[in-house]
Amino acid sequence: MALAIAERWFDFELTSDGITRIWEPHTIRLMQCNIWHVRGRDRDLLIDTGLGVASLRSAAMHLFDKPVSAVATHAHIDHVGSLHEFEHRIIHRAEAAEIAVDSGPFSLQRAHHDGEFIASIERAGYQVPASFVTALPSPAFNLIEFIRPAAAATRIVEEGDILDLGDRRFEVLHLPGHSPGSIGLWEASSATLFSGDAIYDGPLLDELPGSDIAVYMKTMQRLQALPVRVVHAGHDPSFDGQRLRVLARQYLARHGG
Ligand SMILES: [Zn+2]
Ligand SMILES: [Zn+2]
């Protein structure tokens, strides 16, 4: 079935605290990353950049009135697609090499992916339909040979590093397991965590290339002990600290922890 051309690729929703959630409504849940824009006094943060099949920078231009630091919570394609559109690019050391080169051709069609890989994602709880998008971002878009351009980091971060916006400070938490260089950004003053794919209120993926269940369990133990008020995650709706502890406990229980 031919896909229609989307009128608008990104949707926007202002939450509290100068934080805007941006997402791509025409992608399937598996690939639908939350992009977070955080307004600061001296500079803004952009946490993840979506799939990159349409220009995030031009779609979100109305939000950018000062320098922007674009942070990748990790290098998966649905999180770093538009990273190349921003001048200041931040990622954890463990995944810096991956974004420094382009992705190579990536098909947005199920049929071109390894069957066992798709099966593992379905076992985790996702439905994977024939196409990863439900509309085309532009008339000539190539669904089979999409390439995420190279976007070498301009700053490499590690556990404990600070991203300073002038009036807001975010501490880098290294939260590996889903991927080796997954990071969270923790604002202690508001007890807010941007968690990337380390934890979200949906099917967590720990059998991807680069995933490590034993390491993921340590990350879940760490998350359980964090005095969180709100989590803005890499996928699915935001949640509170109580829900975070339930999700972490469920993960640990599932793996005998
Ligand atoms: Zn991921
Ligand atoms: Zn993701």
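Above this text sits the structure in question.
In this report, we go over the structure that sits alongside the text. Values in this document were obtained by computation on a predicted structure and should not be read as measured data. (Residues numbered from 1 in each chain as written. Chains lettered and ligands numbered in written order. Predicted model: local features only at pLDDT ≥ 70, side-chain atom pairs only at ≥ 80, totals over all residues. Heavy atoms only, no water.)

**Observations regarding the coordination of the zinc ion (ligand 2)**
Item 1. The protein atoms donating to the zinc ion (ligand 2) are H79 (NE2), D197 (OD) and H235 (NE2), with metal-donor distances spanning 2.0 to 2.1 Å.
Item 2. Along the chain, the residues that donate to the zinc ion (ligand 2) are spaced as H-x117-D-x37-H.
Item 3. A separation of 3.4 Å is found between the zinc ion (ligand 2) and the zinc ion (ligand 1), both of which receive a donor from D197. Of the two residues, H79 sits in helix α2 (residues 77–80) while D197 sits in the loop between β11 (192–196) and α5 (213–224), which places them 118 residues apart along the sequence. We note that H79, like D197, is buried. (Donors = N, O, S within 2.8 Å, 3.2 Å for Na, K, Ca; no water. Helix = DSSP H or I, 4+ residues; strand = E, 2+ residues; numbered from the N terminus. Buried < 20%, exposed > 50% of the residue type's maximum accessible area, 1.4 Å probe, protein only.)

**Regarding the coordination of the zinc ion (ligand 1)**
Item 1. Distances from the zinc ion (ligand 1) to its protein donors, H74 (NE2), H76 (ND1), H178 (NE2) and D197 (OD), fall within 2.1 to 2.3 Å.
Item 2. Geometry at the zinc ion (ligand 1) is irregular, judged from its 4 donor atoms and the angles of 89 to 173 degrees they form at the metal.
Item 3. In primary sequence terms, the donor set of the zinc ion (ligand 1) follows H-x1-H-x101-H-x18-D.
Item 4. For D197, a relative accessible area of 4% gives the class buried. (Tetrahedral: all angles 85-135°; square planar, octahedral: opposite > 155°, others 65-115°.)

**Describing the sheet that holds strand β3 (residues 35–38)**
Item 1. Read across the sheet, 7 strands follow the order β1-β2-β3-β4-β5-β6-β7 without closing on themselves; strand pairing throughout is mixed. The two strands at the open ends of the sheet, each matched to only one other strand, are β1 (11–14) and β7 (155–157). Between one strand axis and the next, the sheet turns by 20 degrees as a mean value, whatever way the strands run.
Item 2. Bridge analysis of β1 against strand β2 (residues 19–23) gives 4 bridges, and the strand direction is antiparallel. Across the sheet, residue F12 finds its bridge partner in β2, namely I22. (Pairing = 2+ DSSP bridges. Axes fitted to C-alpha atoms, helices over the stretch in contact; angles between N-to-C directions.)

**Here's the deal with the nonpolar core**
Item 1. One finds L46, L108 and M220 to be the most contacted residues of the largest nonpolar core, which totals 66 residues.
Item 2. Those elements giving two or more residues to this core turn out to be β5 (68–71), α2, α3 (96–100), α4 (115–124), α5, β12 (230–233) and α6 (241–254).
Item 3. A per-element tally of this core places α6 first, with 5 residues.
Item 4. When neighbours within four sequence positions are excluded, L108 is seen to be in contact with L51, V53, A130, S131, F132, F141, L143 and F146. (Core = buried A, V, L, I, M, F, W, Y, C linked by side-chain atoms within 4.5 Å. Contact = heavy atoms within 4.5 Å.)

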